[in-house]
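Structure assessment
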Amino acid sequence: MEARPGLPARVRLAIVGVGHLGRHHVRVARTLPGVELVGIHDHHEGRAEEAAREGAVRVFAKPEDVAAAVDAVVIATPTSSHAELGRFFLERGLDVLVEKPIANSVAEADGLVQLARARGRVLQVGHVERYNPAVEAVLASVREPLFIEGHRLGIFTPRSLDVDVVRDLMIHDLQILIDLVRRPIVDIRAVGIPILTPQLDIAHARIAFEGGCVANLTASRVSFERLRKLRIFSAARYCSVDMHSRRVEAFRLERDGGAPRIVPDEVSVEAADPLSRELADFLRAVRTRGEPLVTGEVGRNALALAERVVAAAEEHRRGAEVVRA
């Protein structure tokens, strides 16, 4: 893999934001070839120091110090700060991997995408499920889906509460849906309710595509179980994807001139860690100046669809309030 001119043999990387997800980035980055994890930054007092002891890395006091010391940065802070930090580092010539959602709004996302393009910087969005080998196996084997059912349930934790459950959890499946169906959306119906926060904690969306495919997606961050599954039906094939265990169960319809029958259909899934694959893809893009799998535009489009789902849920809620009144 050829490095860009002027870039050292090892990409100098920093992690900004070392909460739950940021610490995973620290752990993985330390194991990947071709990268020097220079340090970390977090504005919460004591958090960076604790993470630094675990990872044996330097603590940067402020973003300016980060920008002066590295080639690339991972932003794993709350969503409300993604646009500001992304702009800060892109303007200073760094390549950026920002966790999903790319920003708090599509307008902010557009600004980041345009800035990265103007400065010739890599902008990748951390949709880690797109790097799940089970998801990649299905995307490579399914054509023309007719019906998709998804459930993404999580146990409540005091994380990512600056966004609703659609932008927090469902956005993973929305991004996969875009890549899976690859057709324009013709209708969105949605319902959602707050439970433990002022924002939507449970949401369900029905998304209809040109050509007839329909997807039903449910997301909850107040469940009593963890579940991450997609079920995909086409005319002659069925796939069930368990994203947590990274397994695919598939069946196909056989006719052979006689009565149709359903038979197992093996799908090979690579044994690989999604976050490791995501970070490796970012480093490849930084070194070769190529595009990552999940570009800023991909993250922007996933956020745009999430905003449409939230708007549909709000429209449903207003209609229900009128009926109750």
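Relevant structure appears above.
Values in this document were obtained by computation on a predicted structure and should not be read as measured data.

Quick notes on the rules
- Residues numbered from 1 in each chain as written.
- Predicted model: local features only at pLDDT ≥ 70, side-chain atom pairs only at ≥ 80, totals over all residues.
- Heavy atoms only, no water.
- Helix = DSSP H or I, 4+ residues; strand = E, 2+ residues; numbered from the N terminus.
- Rg over C-alpha atoms; globule rule 2.2 N^0.38 Å.
- Buried < 20%, exposed > 50% of the residue type's maximum accessible area, 1.4 Å probe, protein only.
- Contact = heavy atoms within 4.5 Å.
- Areas by Shrake-Rupley, 256 points an atom, 1.4 Å probe, with all protein chains shown as cover.
- Lys, Arg positive; Asp, Glu negative; His and termini not counted.
- Charge placed at Lys NZ, Arg CZ, Asp CG, Glu CD.
- Phe/Tyr/Trp six-rings, centres within 6.5 Å; stacked < 30°, edge-to-face > 60°.
- Pairing = 2+ DSSP bridges.
- Axes fitted to C-alpha atoms, helices over the stretch in contact; angles between N-to-C directions.
- Parallel < 35°, antiparallel > 145°, perpendicular 65-115°, else oblique.
- Nonpolar A, V, L, I, M, F, W, Y, C, P; charged D, E, K, R; others polar.
- Core = buried A, V, L, I, M, F, W, Y, C linked by side-chain atoms within 4.5 Å.
- Expected span 1.5 Å × (residues − 1).
- Polar contact = N/O pair within 3.5 Å; in protein donor to acceptor, adjacent residues only side chain to side chain.

Concerning the overall build of the protein
When its secondary structure is counted, the protein shows nine helices and 14 strands. In summary, the protein has a C-alpha radius of gyration of 21 Å against a globular reference of 20 Å for 325 residues, a match within 12%. Seen along its three principal axes, the alpha-carbon backbone of the protein occupies a region of about 65 × 60 × 40 Å. For the protein, buried positions account for 50% of its 325 residues. The contacts in the protein between residues at least 6 apart in sequence include a share of 67% that link residues at least 24 apart. Carbon and sulfur atoms provide 51% of the accessible area of the protein, an area that totals close to 15300 Å². Charged side chains of the protein number 45 positive and 45 negative; the gap between the two group centres comes to 1 Å.

Things to note about the packing of aromatic side chains
Geometry of an aromatic ring pair is reported as the spacing of the ring centres plus the angle between the planes. Counted according to the given criterion, the structure contains four aromatic pairs. Ring geometry for Phe147 against Phe233: centres 5.8 Å apart, planes inclined by 40 degrees, an arrangement best described as tilted. In this pair, Phe147 is assigned in strand β7 (residues 147-155) and Phe233 in strand β11 (residues 227-233), connecting sequence segments 86 residues apart. Judged by relative accessible area, Phe147 falls into the partly exposed class, the value being 28%. By relative accessible area, Phe233 is classed as partly exposed at 32%. Geometrically, the ring pair formed by Tyr238 and Phe251 is stacked, given 6.4 Å between the ring centres and 20 degrees between the ring planes. Of the two residues, Tyr238 is situated in strand β12 (residues 237-242) and Phe251 in strand β13 (residues 247-254); the sequence distance between them amounts to 13 residues. Residue classification places Phe251 among the partly exposed residues on the basis of a relative accessible area of 26%. Every member of this aromatic cluster is reached through a ring pair, and the members are Phe147, Phe233, Tyr238 and Phe251.

Brief notes about the sheet that holds β13
Read from one edge of the open sheet, eight strands run β8-β9-β10-β7-β11-β12-β13-β14, paired in mixed fashion. Two strands lie at the open edges of the sheet, namely β8 (185-193) and β14 (261-264), each paired on one side alone. Strand after strand, the sheet turns through a mean of 10 degrees between neighbouring axes, direction not considered. In this fold helix α6 (residues 133-141) packs onto β11, β12 and β13, with an angle of close to 165 degrees to the strand it touches most, β12. Across the sheet, helix α7 (residues 165-181) touches β7, β9 (202-209), β10 (214-223) and β11, and the angle it forms with β10 is around 155 degrees.

Some words on the sheet that holds strand β2 (residues 35-41)
Reading across the sheet, the six strands line up as β3-β2-β1-β4-β5-β6 and stay open at both edges, with parallel pairing between neighbours. Pairing within the sheet leaves two strands with one partner each, and these edge strands are β3 (58-59) and β6 (123-126). For β2 and β3, the ladder comprises two bridges, and the chain directions are parallel. Looking at the pairing, Ile40 lines up with Val59 of β3.

Notes on the packing of helix α4 (residues 82-91) against helix α5 (residues 106-119)
It is at 10 Å that the axes of α4 and α5 come closest, and there the two elements cross at 10 degrees. By the angle class used here, α4 and α5 are roughly parallel. The segment α4 lies against α5, with His82, Ala83, Gly86, Arg87, Leu90 and Glu91 engaging Glu108, Leu112, Leu115, Ala116 and Arg119. When grouped by side-chain class, the residues that make up the contact of α4 with α5 number five nonpolar, two polar and four charged.

Side note on the nonpolar core
By size, the foremost hydrophobic cluster in this structure holds 75 residues, and its most contacted members are Phe89 and Ile102. Looking at this core element by element, the count peaks at 10 residues for α7. Filtering out sequence-adjacent residues up to four positions away, Phe89 remains in contact with Val16, Pro63, Val66, Ala67, Val73, Ile75, Leu94 and Val96. Counting residues in hydrophobic clusters, the runner-up holds 25 residues, among them Ile15, Val26, Val122 and Leu283.

Observations regarding α7
End to end, α7 covers 23 Å across 17 residues, agreeing with the expected 24 Å (1.5 Å per residue, within 8%). Counting buried residues in α7 gives 16 out of 17 residues, a clear majority hidden from the surface. Structurally, the start of α7 carries an N-cap: the backbone nitrogen of Val166 is 2.9 Å from a side-chain oxygen of Asp164. One or two positions beyond α7, positive phi appears at Arg182, with a value near 55 degrees.

Shape is all these values report; function is a separate question.
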